[in-house]
Amino acid sequence: MRNRFNAQLQMLDAQTLVMGTSIEDAVTQSVDMLEEPHEAILERVIEGDDDIDHQEREIESLCLKLLLMQQPVATDLRHVSAVLKIAGDMERIGDQAANIAEILMAGSWAPKQGLQDSMVALGRRAQHMVHAAMEAYSKNDVAQARLVIERDKDVNTSFNGVREKIVAEIRHQEGPVPMLVDALMIAKYFERIGDHSKNICNWLEYKLEGIYKTERI
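Being a predicted model, the structure only gives us computed values, none of them experimental.

Further remarks concern the overall build of the protein. Scanning the protein for helices and strands turns up six helices and zero strands. Relative to its length of 217 residues, the protein is compact, with a C-alpha radius of gyration of 19 Å against a globular reference of 17 Å. Each of the three principal axes of the protein carries a C-alpha extent, and together these read 65 × 35 × 20 Å. Buried residues in the protein amount to 47% of all 217 residues. Within the protein, contacts between residues separated by at least 24 positions form 84% of all contacts whose residues are at least 6 apart in sequence. Accessible surface for the protein amounts to roughly 10,500 Å². Of this, 52% is attributable to carbon and sulfur atoms. Distance between charge centroids for the protein: 7 Å, based on 24 positive and 36 negative side chains.

Pasting the structure below:
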C-alpha cells in the first residue's frame, strides 16, 4: 500500500512539473511578444490557458483522491496540500500570461522605446522567477526557493519604476492614453506573476520543512 502511495505522489509531482513547463512557455511567449507581437503566437498563449486550467483540475483531482482514499501521515499531508496550493498559483500565472496576450492582440501596442525596454526587463524578471521556482520544485531545493522569494523584491522595484514612467507619460500626454493604460495593466500582470512565483516557493518550503511564512505574502 505504501509503495502505491509513493508512486502516486511521484505522479503528482510529475504532473505538477508538466504544468510548470506549460506556464513557463506561456510567460516566456508573453514577454517575447512585447518586443514583436505575432498574432499566431498570441493566439497560442490565449488558447493554451484552457489546457493549463485542465492540468490544474487533474492535479486537484489526484490530490483529493490521495487525501480521501489513502491515510497520509503528516509529511504526506503537507506534500499533497502544498501541491494543491501550488497548482492554484500556477493556474493564475497562466491566466495572467493569457491576459497579457489578449491585450497585445488588440493591436494598439506601440510604446516608446524606453518604456518598451523597461517593460521587457520587468517581464524577464518575472519569467526568470517562474523558471527558478519550478526548478526549485523539481529539485526539492529549499535554498533556491528562498532565493526566489527574495527575488520578488526586484520584480516589485522594477514594476514601480515602470509604473512611474507610465504615469509620467500619461500626465504629459506623451503617448496614446489607452495604450499607456494597457501598458500599466501588463506591468501589473507581470508583478502578480512574480507574487505567484513567490507563493509557489513559500508552499514548497512548507512541503519540505513544514514552514509557511505568511508575512511574505
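More follows now that the structure is in view.
Moving on, we get to the nonpolar core. Met119, Ile186 and Phe190 are the most contacted members of the largest nonpolar core, which totals 60 residues. Elements represented by at least two residues in this core include exactly helix 1 (2–35), helix 2 (39–69), helix 3 (74–105), helix 4 (113–139), helix 5 (142–171) and helix 6 (177–209). In contact with Met119, not counting residues within four places along its chain, are Leu34, Trp109, Val162, Ile166, Ala183, Ile186, Ala187 and Phe190.

Together, Glu39, Glu43, Glu47, Asp50, Asp51 and Glu58 make up a negatively charged patch on the protein surface. Positionally, Asp50 belongs in helix 2.

What follows covers the environment of Thr157. With respect to the element layout, Thr157 can be found in helix 5. For Thr157 and Ala98, which are 59 residues apart along the polypeptide, the C-alpha to C-alpha distance reads 23 Å.

What the rule picks out here adds up to 11 salt bridges. Between Arg146 and Glu205 there is a salt bridge; the shortest N-O distance is 2.6 Å. Pair noted here: Arg146 is in helix 5 and Glu205 is in helix 6, with a separation of 59 residues, a long-range link. One salt bridge connects Arg146 with Glu209, and the closest N-O pair in it is separated by 2.7 Å. You can see Arg146 sitting in helix 5 and its partner Glu209 sitting in helix 6, a full 63 residues away along the chain.

Bringing unusual backbone geometry into the picture now. Look at Asn140: it is not a glycine, yet its phi comes out positive at around 50°. Along the polypeptide, Asn140 turns up in the loop between helix 4 and helix 5. Residue class for Asn140 comes out partly exposed when judged on its relative accessible area of 39%.

Across the protein, the average pLDDT comes to 92, with 96% of residues at 70 or higher. Within the protein, helix 4 carries the highest mean pLDDT (96), whereas helix 1 carries the lowest (93).

Moving on, we come to the side chain of Gln116. Examined against the element boundaries, Gln116 turns out to sit in helix 4. Residue Gln116 is classed as buried on the basis of its relative accessible area, which comes to 15%.

Taking 1.5 Å per residue, 30 residues should reach 44 Å; helix 5 reaches 44 Å between its end C-alpha atoms and fits that length. Among the residues making up helix 5, those that are buried are Val142, Gln144, Ala145, Val148, Ile149, Asp152, Val155, Ser158, Phe159, Val162, Ile166 and Glu169. Looking at the packing, one finds that the buried side of helix 5 touches helix 4 and helix 6. At the N-terminal boundary of helix 5, the capping side chain belongs to Asp141, with an oxygen 3.1 Å from the backbone nitrogen of Ala143. Once helix 5 finishes, Gln173 follows within two positions and takes phi at roughly 50°, a positive value.

Turning next to the packing of aromatic side chains. Using the criterion set out here, one finds one aromatic pair in the structure. On the basis of an interplanar angle of 90° and a centroid distance of 5.6 Å, the ring pair of Trp203 and Tyr206 is categorised as edge-to-face. One end of the pair is Trp203 and the other is Tyr206, both in helix 6 and three residues apart, which spans about a single turn.

Cut-off values and rules
- Residues numbered from 1 in each chain as written.
- Predicted model: local features only at pLDDT ≥ 70, side-chain atom pairs only at ≥ 80, totals over all residues.
- Heavy atoms only, no water.
- Helix = DSSP H or I, 4+ residues; strand = E, 2+ residues; numbered from the N terminus.
- Rg over C-alpha atoms; globule rule 2.2 N^0.38 Å.
- Buried < 20%, exposed > 50% of the residue type's maximum accessible area, 1.4 Å probe, protein only.
- Contact = heavy atoms within 4.5 Å.
- Areas by Shrake-Rupley, 256 points an atom, 1.4 Å probe, with all protein chains shown as cover.
- Lys, Arg positive; Asp, Glu negative; His and termini not counted.
- Charge placed at Lys NZ, Arg CZ, Asp CG, Glu CD.
- Core = buried A, V, L, I, M, F, W, Y, C linked by side-chain atoms within 4.5 Å.
- Patch = residues over 30% accessible without salt bridge, like charges linked within 9 Å, V, L, I, M, F, W, Y side chains within 5 Å.
- Salt bridge = Lys/Arg side-chain N within 4 Å of Asp/Glu carboxyl O.
- pLDDT = per-residue confidence, 0-100.
- Expected span 1.5 Å × (residues − 1).
- Polar contact = N/O pair within 3.5 Å; in protein donor to acceptor, adjacent residues only side chain to side chain.
- Phe/Tyr/Trp six-rings, centres within 6.5 Å; stacked < 30°, edge-to-face > 60°.

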